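Structural description and commentary
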Amino acid sequence: MTIGERIRSIRKETGLNQTDFGEKVGLRQSSLGQIESGVRNATDRTIILICEKYGVREDWLRNGTGEMFLETDSTIVSQLSSEYGIDAFEKVLIEGFLKMKPEERAVIKTYVRNLIDTLTTDEAAYKEFRAEYDKEHALPFAARRGDASGLAEAAERFNNTLSATDDKDGM
């Protein structure tokens, strides 16, 4: 496999077209197409930029040896981002959480548990939350084809979800 073919593999693996892939490394679509087809050689600068921007191992790109991608938190999050449609803000939140020390994560988890406890024990807060939940999830679910029986099913899902969170981590 040539370096151009390996670049095409990276592009395909990232799910980008030539224009979008090339923009991140300062190449026009036509230039990238020429590199991929072997008409033009990739410069050292282009190779380094591809490795930096796409988390590619330089040895793999230059020689075809080893794994294609570096496995880092950010490349894993980028893959999740593509798969689950995570926006930039959500991506930063996830990366920030992953970079925390275990004791810092424990503080966040404790805070969230305390919020849930407060929500489930404060009747007014729970009713408000439940009304918002029903509006966002249960009512649209129930409205399908005018069948109101979905409302009961959605409410049951909500209650099961809440019960499942109670069972986790001793809650």
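Anyway, here's the lowdown on the structure attached to this text.

Rules and cut-offs
- Residues numbered from 1 in each chain as written.
- Predicted model: local features only at pLDDT ≥ 70, side-chain atom pairs only at ≥ 80, totals over all residues.
- Heavy atoms only, no water.
- Axes fitted to C-alpha atoms, helices over the stretch in contact; angles between N-to-C directions.
- Helix = DSSP H or I, 4+ residues; strand = E, 2+ residues; numbered from the N terminus.
- Parallel < 35°, antiparallel > 145°, perpendicular 65-115°, else oblique.
- Contact = heavy atoms within 4.5 Å.
- Nonpolar A, V, L, I, M, F, W, Y, C, P; charged D, E, K, R; others polar.
- Phe/Tyr/Trp six-rings, centres within 6.5 Å; stacked < 30°, edge-to-face > 60°.
- Buried < 20%, exposed > 50% of the residue type's maximum accessible area, 1.4 Å probe, protein only.
- Lys NZ or Arg CZ within 6 Å of the ring centre and 35° of its normal.
- Salt bridge = Lys/Arg side-chain N within 4 Å of Asp/Glu carboxyl O.
- Expected span 1.5 Å × (residues − 1).
- Polar contact = N/O pair within 3.5 Å; in protein donor to acceptor, adjacent residues only side chain to side chain.

The relative placement of two packed helices comes down to the angle between their axes together with the axis-to-axis distance. Between helix α1 (residues 3-14) and helix α3 (residues 29-37), whose axes approach to 6 Å, the crossing angle comes to 120°. Considering the angle they form, α1 stands oblique to α3. Across the interface between the two elements, Gly 4, Glu 5, Ile 7, Arg 8 and Arg 11 from α1 touch Leu 32, Ile 35, Glu 36 and Ser 37 from α3. Among the residues making up the contact of α1 with α3, the classes are represented as three nonpolar, two polar and four charged.

On inspection of all chains with the given rule, the structure shows one aromatic pair. Centre to centre, the rings of Phe 21 and Tyr 54 are 4.3 Å apart; their planes meet at 5°, and the pair counts as stacked. Note that Phe 21 is positioned in helix α2 (residues 18-23) and Tyr 54 in helix α4 (residues 44-54), a separation of 33 residues in sequence. Neither Phe 21 nor Tyr 54 differs from the other in exposure class; each is buried. Between Arg 105 and the ring centre of Phe 97, over which it is positioned, the NZ or CZ distance is 5.5 Å.

A few words now on the pattern of salt bridges. Enumeration over the complete set of coordinates arrives at five salt bridges. Note that Arg 8 and Glu 36 form a salt bridge whose closest N and O atoms lie 3.5 Å from each other. Note that Arg 8 is positioned in helix α1 and Glu 36 in helix α3, a separation of 28 residues in sequence. Under the relative-accessibility criterion, Glu 36 is labelled buried at 2%. With its nearest N and O atoms 3.1 Å apart, the salt bridge here joins Arg 62 to Asp 44. One end of the pair, Arg 62, is in helix α5 (residues 58-63); the other, Asp 44, is in helix α4, and 18 residues separate them in sequence. When salt bridges that share partners are traced, they join Arg 8, Arg 11 and Glu 36 into one network.

This next bit is on helix α7 (residues 88-99). With 12 residues, α7 should cover 16 Å at 1.5 Å per step; its first-to-last C-alpha distance of 16 Å lies within 8% of that length. Its side-chain oxygen placed 3.1 Å from the backbone nitrogen of Phe 89, Asp 87 serves as the N-cap of α7.

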